[in-house]
Amino acid sequence: MAAIKSRAVRMAPPQILALTFFVAIVTGTFLLSLPVSVTEPISFTDALFTATSATTVTGLVVVSTGNDFTAFGQIVIMILMKIGGLGLMTFAVLIVMVLGKKIGLRERMLIQASFNQPSIGGIIRLVKVLIIFAFSLEITAAAILAITWIPEYGWKFGTFTSVFHAISAFNNAGFSLWDDSLMAYAGDPVINILITFLFIAGGLGFTVLYDLAKTKNFHRLSLHSKVMLAGTLATNIVALFTVFFLEYANPDTLGTLSGGEKVWTAYFQAVTPRTAGFNTLDIGSMEPETLMFMLPLMFIGAGSASTGSGIKLTTFLIIVIAVIAYLKGKDEAVIYNRSVSNVIILRSLSIMIISITAVFLGIFSLSMTEEAPTMMIIFETFSAFGTVGLSMGLTDDLSTAGKYIVMILMFVGRVGPVTLAFALSRSEKAHIRYPKGDIFTG
């Protein structure tokens, strides 16, 4: 035990962060395997898959969340979604604060890794604000949802399902108690606005929310917050118009809906690919070009230090800005009158290249284990790595090997980019300089 403890102390924060996710998944698997958690026995693989999907806030399911799990099992899934969304270290800090204990330097470094922050300054204050904001928003959202669902389902199930979906939405988990997700509420303005507001807020990132809480003036926000807010707005608008026009005449999606329902449904399906996981349309019935358009959205994902995953919107935007600067012959990338350092650009390129490699390996592996159309495999891989939770229907038919491949993708997609970004940001600078050499490219 002393040797294990000594080794744990020597572990870097990214390693400990990955370990906490692994421990949460293992614990969740054990709890979901108990007879009290299920209406009928499920296999170890299915319990592990569900725990992994909940902890990585993905939303892909191989068993019915509403039918195959009891209320206890669904509560376990809710707890795993909270741990995966806010991070186990957030809850550890909450417990320490309640007990009145002091939070040491190492704990602060772990929180820094969990939120992918450049420094530990103000990290505890950030966690406090995050905890209060998250729980307040989820309680408020659950109360609003209850107004709609209690008259429809009664006090008991109406209240429970409101809390479940509020937690699932804010944490970008995509779990629903209905097998068709939210398809029954495709034209409901309240459900569409509230659920999307929750997962967009969670996907902006905790530092952005904290920044917004401190100042309401856009010009006084940090550069990161400005880029996230502007990028999110632009991405969602482009996605809305794209999905609306591509699916407008599709009889299996928007084609049979009224004008207002078309807009609400297109809006919901346009913003959900960025790691939210809910759907109000049958994904498998969407046009091939729409599905292709959704792939980069799932790969990009949400914001840094958010409840979502993907390579992160800021990572993608930095690369785009750097490319534009190069094409214009500029010496440095500039945004909002601030230059972006080459270190950040190289870090973003590293994250993207490694993530593309992971997705390619996932597609290659699933192609060997699954007898399914290539597009379904590609879509499933992007969805798993981006911890999105959308599927064209392949998840239900995955082989045992395929389930484990998707589980690895979900774990790597949730933990990998965060730990990689933290590790790269803290890498030691070389003090040796070498003569420059020319290599032909292009």
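Residues numbered from 1 in each chain as written. Predicted model: local features only at pLDDT ≥ 70, side-chain atom pairs only at ≥ 80, totals over all residues. Heavy atoms only, no water.

### Regarding the overall build of the protein chain
Here comes step 1: When helices and strands are tallied, the protein chain shows 17 helices and two strands.
Here comes step 2: Within the protein chain, the proportion of its 442 residues that are buried is 52%.
Here comes step 3: Once local pairs closer than 6 in sequence are excluded, the contacts in the protein chain between residues at least 24 apart make up 70%.
Here comes step 4: When the accessible area of the protein chain is evaluated, it comes to approximately 20900 Å², of which 67% is carbon and sulfur surface. (Helix = DSSP H or I, 4+ residues; strand = E, 2+ residues; numbered from the N terminus. Buried < 20%, exposed > 50% of the residue type's maximum accessible area, 1.4 Å probe, protein only. Contact = heavy atoms within 4.5 Å. Areas by Shrake-Rupley, 256 points an atom, 1.4 Å probe, with all protein chains shown as cover.)

### Some remarks on the nonpolar core
Here comes step 1: Of all hydrophobic cores here, the largest spans 62 residues; its most connected members are Met81 and Phe379.
Here comes step 2: It is helix α16 (residues 374-385) that provides the largest number of residues to this core, a total of seven residues.
Here comes step 3: Not counting the four nearest positions on each side in its chain, Met81 is found in contact with Ala54, Val57, Phe164, Ile167, Ser168, Asn171, Ala173 and Phe175.
Here comes step 4: Ala134, Ala141, Trp178 and Ala276 belong to the second largest nonpolar core, which has 25 residues in total. (Core = buried A, V, L, I, M, F, W, Y, C linked by side-chain atoms within 4.5 Å.)

### So, unusual backbone geometry
Here comes step 1: Phi at Ser181 is positive, roughly 60°, even though this residue is not glycine.
Here comes step 2: Assignment of secondary structure puts Ser181 in the loop between α8 (155-170) and α9 (189-204).
Here comes step 3: With a phi angle near 90°, Lys312 is a residue other than glycine that sits in the positive phi range.

### Let's talk about the pattern of salt bridges
Here comes step 1: Considering all chains together, one arrives at two salt bridges under this definition.
Here comes step 2: Put simply, Lys403 and Asp46 hold a salt bridge, and the shortest N to O gap is 2.8 Å. Of this pair, Lys403 sits in helix α17 (residues 400-425) while Asp46 sits in helix α3 (residues 44-55), placing them 357 residues apart in sequence.
Here comes step 3: Accessibility expressed as a relative area gives 11% for Asp46, which makes it buried.
Here comes step 4: The residue Glu138 makes a salt bridge to Lys82 at a minimum N-O spacing of 2.8 Å. (Salt bridge = Lys/Arg side-chain N within 4 Å of Asp/Glu carboxyl O.)

### Here's the deal with the confidence of the model for the protein chain
Here comes step 1: On average, residues of the protein chain score 86 in pLDDT, and 85% of them reach the 70 mark or higher.
Here comes step 2: Ignoring residues within four places in sequence, the model shows residues 1-9, a span with pLDDT below 50, making three contacts including any to other chains. (pLDDT = per-residue confidence, 0-100.)

### Observations concerning α9
Quick reminder: α-helices carry 3.6 residues per turn. Residues three or four places apart thus point the same way.
Here comes step 1: When the terminal C-alpha atoms of α9 are compared, their 22 Å separation across 16 residues agrees well with the 22 Å that a helix rising 1.5 Å per residue should span.
Here comes step 2: Among all positions of α9, only Ile191, Asn192, Leu194, Ile195, Thr196, Leu198, Phe199, Ala201, Gly202, Gly203 and Leu204 are buried.
Here comes step 3: With a side-chain oxygen lying 3.0 Å from the backbone nitrogen of Val190, the N-terminal cap of α9 falls on Asp188.
Here comes step 4: Trailing α9 by a residue or two, Gly205 shows a phi angle of about 110°, which is positive. (Expected span 1.5 Å × (residues − 1). Polar contact = N/O pair within 3.5 Å; in protein donor to acceptor, adjacent residues only side chain to side chain.)

### Focus on a negative patch on the surface
Here comes step 1: Among the surface-exposed residues, Asp179, Asp180, Asp396 and Asp397 lie close enough to one another that they form a single negatively charged patch.
Here comes step 2: Within the element layout of this structure, Asp179 appears in the loop between α8 and α9. (Patch = residues over 30% accessible without salt bridge, like charges linked within 9 Å, V, L, I, M, F, W, Y side chains within 5 Å. Lys, Arg positive; Asp, Glu negative; His and termini not counted. Charge placed at Lys NZ, Arg CZ, Asp CG, Glu CD.)

### Overview of the environment of Gly308
Here comes step 1: Within the element layout of this structure, Gly308 appears in the loop between α13 (288-300) and α14 (313-327).
Here comes step 2: With a relative accessible area of 0%, Gly308 lands in the buried category.
Here comes step 3: The sequence separation of Gly308 and Thr56 amounts to 252 residues, and the corresponding C-alpha distance is 8.9 Å.
Here comes step 4: Sequence-distant contacts of Gly308, that is, excluding residues within four places in its chain, are made with Asn172, Thr275, Ala302 and Arg414.

### Some thoughts on the packing of aromatic side chains
Here comes step 1: A complete count under the given rule lists 15 aromatic pairs for this structure.
Here comes step 2: On the basis of an interplanar angle of 70° and a centroid distance of 6.1 Å, the ring pair of Phe218 and Tyr336 is categorised as edge-to-face. A residue pair is termed long-range when its members are at least 10 positions apart, and Phe218 in the loop between α10 (206-214) and α11 (223-247) and Tyr336 in the loop between β1 (333-335) and β2 (338-340) qualify at 118 residues.
Here comes step 3: For Tyr336, a relative accessible area of 37% puts it in the partly exposed group.
Here comes step 4: On the numbers, 6.4 Å between centres and 15° between planes, the contact of Phe241 with Phe245 is stacked. Of the two residues, Phe241 and Phe245 are both situated in helix α11; the distance of four residues between them amounts to about one turn of the helix.
Here comes step 5: A relative accessible area of 48% places Phe241 in the partly exposed class.
Here comes step 6: Joined through ring pairs, the aromatic side chains of Trp149, Tyr153, Phe157, Trp178 and Tyr185 make up one cluster.
Here comes step 7: Sitting over the ring of Phe135, Lys82 keeps its end group 4.4 Å from the ring centre. (Phe/Tyr/Trp six-rings, centres within 6.5 Å; stacked < 30°, edge-to-face > 60°. Lys NZ or Arg CZ within 6 Å of the ring centre and 35° of its normal.)

### What to know about the packing of α11 against α13
Here comes step 1: The contact between α11 and α13 brings their axes to 10 Å, and the two run at 165°. In terms of their interaxial angle, α11 and α13 are classed as roughly antiparallel. Between α11 and α13 lies a crossing of left-handed hand. For the pair α11 and α13, contact is made by Thr235, Val238, Ala239, Thr242, Val243, Leu246 and Glu247 and by Glu289, Thr290, Phe293 and Leu297, respectively.
Here comes step 2: Of the residues assigned to the contact of α11 with α13, the class counts are six nonpolar, three polar and two charged. (Axes fitted to C-alpha atoms, helices over the stretch in contact; angles between N-to-C directions. Parallel < 35°, antiparallel > 145°, perpendicular 65-115°, else oblique. Left-handed = near helix turned anticlockwise from the far one by under 90°. Nonpolar A, V, L, I, M, F, W, Y, C, P; charged D, E, K, R; others polar.)

### Comments concerning helix α12 (residues 259-271)
Here comes step 1: For α12, which comprises 13 residues, the first-to-last C-alpha distance of 19 Å matches the rise-based estimate of 18 Å (1.5 Å per residue) to within 8%.
Here comes step 2: Along α12, the residues that are buried comprise Lys262, Thr265, Ala266, Phe268, Gln269, Ala270 and Val271.
Here comes step 3: Structurally, α12 contributes buried residues whose contacts are with α9, α11 and α13.

### With respect to the packing of α10 against α11
Between two packed helices, the angle of one axis relative to the other and the distance separating the axes together describe the packing.
Here comes step 1: In the contact formed by α10 and α11, the axes pass within 9 Å of each other and the chain directions differ by 105°. Here α10 lies roughly perpendicular to α11, going by the angle between them. Here Thr207, Val208, Asp211 and Leu212 of α10 lie close against α11, whose contacting residues are His224, Ser225, Met228 and Leu229.

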